[in-house]
Amino acid sequence: PLCRAKKKAKEEERTIVFVDESAFYLLPMAVRTYAPIGQTPVLSVKLTRDHLSAIGGLTMDGRLFMQMQDHSYKGPGVVRFLQMLLRKIPGKLLVIWDGASIHRSRVIKDFLAQGAAKRIHLERLPGYAPELNPQEGVWNLFKRRELKNLCAANLDQLATELVRAKERLRHRKTTLVQCVAHAG
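How each quantity is defined
Residues numbered from 1 in each chain as written. Predicted model: local features only at pLDDT ≥ 70, side-chain atom pairs only at ≥ 80, totals over all residues. Heavy atoms only, no water. Helix = DSSP H or I, 4+ residues; strand = E, 2+ residues; numbered from the N terminus. Rg over C-alpha atoms; globule rule 2.2 N^0.38 Å. Buried < 20%, exposed > 50% of the residue type's maximum accessible area, 1.4 Å probe, protein only. Contact = heavy atoms within 4.5 Å. Areas by Shrake-Rupley, 256 points an atom, 1.4 Å probe, with all protein chains shown as cover. Expected span 1.5 Å × (residues − 1). Arc of directions from axis to C-beta. Axes fitted to C-alpha atoms, helices over the stretch in contact; angles between N-to-C directions. Parallel < 35°, antiparallel > 145°, perpendicular 65-115°, else oblique. Left-handed = near helix turned anticlockwise from the far one by under 90°. Nonpolar A, V, L, I, M, F, W, Y, C, P; charged D, E, K, R; others polar.

Q: Would you mind going over the overall build of the chain in detail, with residue names and values included?
A: When its secondary structure is counted, the chain shows six helices and five strands. Listing each helix as α and each strand as β along the chain from the N terminus yields α-β-β-β-α-β-α-β-α-α-α. Expected size for 184 residues packed as a compact globule is a radius of gyration near 16 Å; at 18 Å, the chain falls within 12% of this value. Its C-alpha atoms give the chain principal-axis dimensions of roughly 60 × 30 × 30 Å. In the chain, which comprises 184 residues, the proportion classed as buried is 42%. Within the chain, contacts between residues separated by at least 24 positions form 72% of all contacts whose residues are at least 6 apart in sequence. Split by element, the accessible area of the chain, about 10,700 Å² in all, is 53% carbon and sulfur.

Set out below in structure tokens:
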């Protein structure tokens, strides 16, 4: 089904955008680091479930789009992201994403029925196949490279660091295109 969607996008001159959501917590993604022998690095964090939810999109040519908020995404937040994509990407779009229930919500269907379907076509990835979505690779880059070992004091600091990380990554087109290639 994914090959068919890509073929359709080419025929209809649509820009393919892979979309996914992720959460970023105050607790750091601890990864390997260097320290003097015998001095184990210690990360001090307060235990909390506070988090930022992010929704991101990646085009085949490595353009990166992202929005975030301090609560989980629901239909209206996804619509705001789709509206942003429509503003920033000219022409028709093919949005490829997973089968999450928020992607099938009434709000999304209403948004398409009110005219967005003229420019946006939605395709669902096969179930349980996150490896097919290159945006998953982008989230991995954020968590394991850009924000590794980050101990944010609060959500504002986390948001600032997330925006900085996005700006750094946005300029590394080769890395982003490799996410697309790795997903096949």
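Back to the text.
Q: An account of the side chain of K166 is needed here, citing residue identities and associated values.
A: Mapped onto the elements of the fold, K166 is located in helix α5 (residues 155–170). For K166, a relative accessible area of 16% gives the class buried.

Q: Please give an account of α5 that cites residues and values.
A: In this model α5 runs 22 Å from its N-terminal to its C-terminal C-alpha over 16 residues, within 8% of the 22 Å that 1.5 Å per residue would give. Within the sequence span of α5, burial applies to L158, E161, L162, A165, K166 and L169. The buried residues of α5 all sit within an arc of 145 degrees when viewed along its axis, so they share a single face. Looking at the buried positions of α5, the neighbouring elements they touch are β1 (14–25), β2 (51–59), β3 (64–69), α4 (134–146) and α6 (173–183).

Q: A description of the packing of α4 against α6 should follow, citing residues and the corresponding values.
A: Where α4 contacts α6, the two axes come as close as 8 Å, and the packing angle between them is 130 degrees. Our classification of the angle between α4 and α6 gives oblique. α4 and α6 meet at a crossing whose hand is right-handed. Counted together, P134, G137, V138, L141 and R145 of α4 and T175, L176, C179, V180 and A183 of α6 form the full contact between these two elements. In terms of residue class, the contact of α4 with α6 is made up of seven nonpolar, two polar and one charged.

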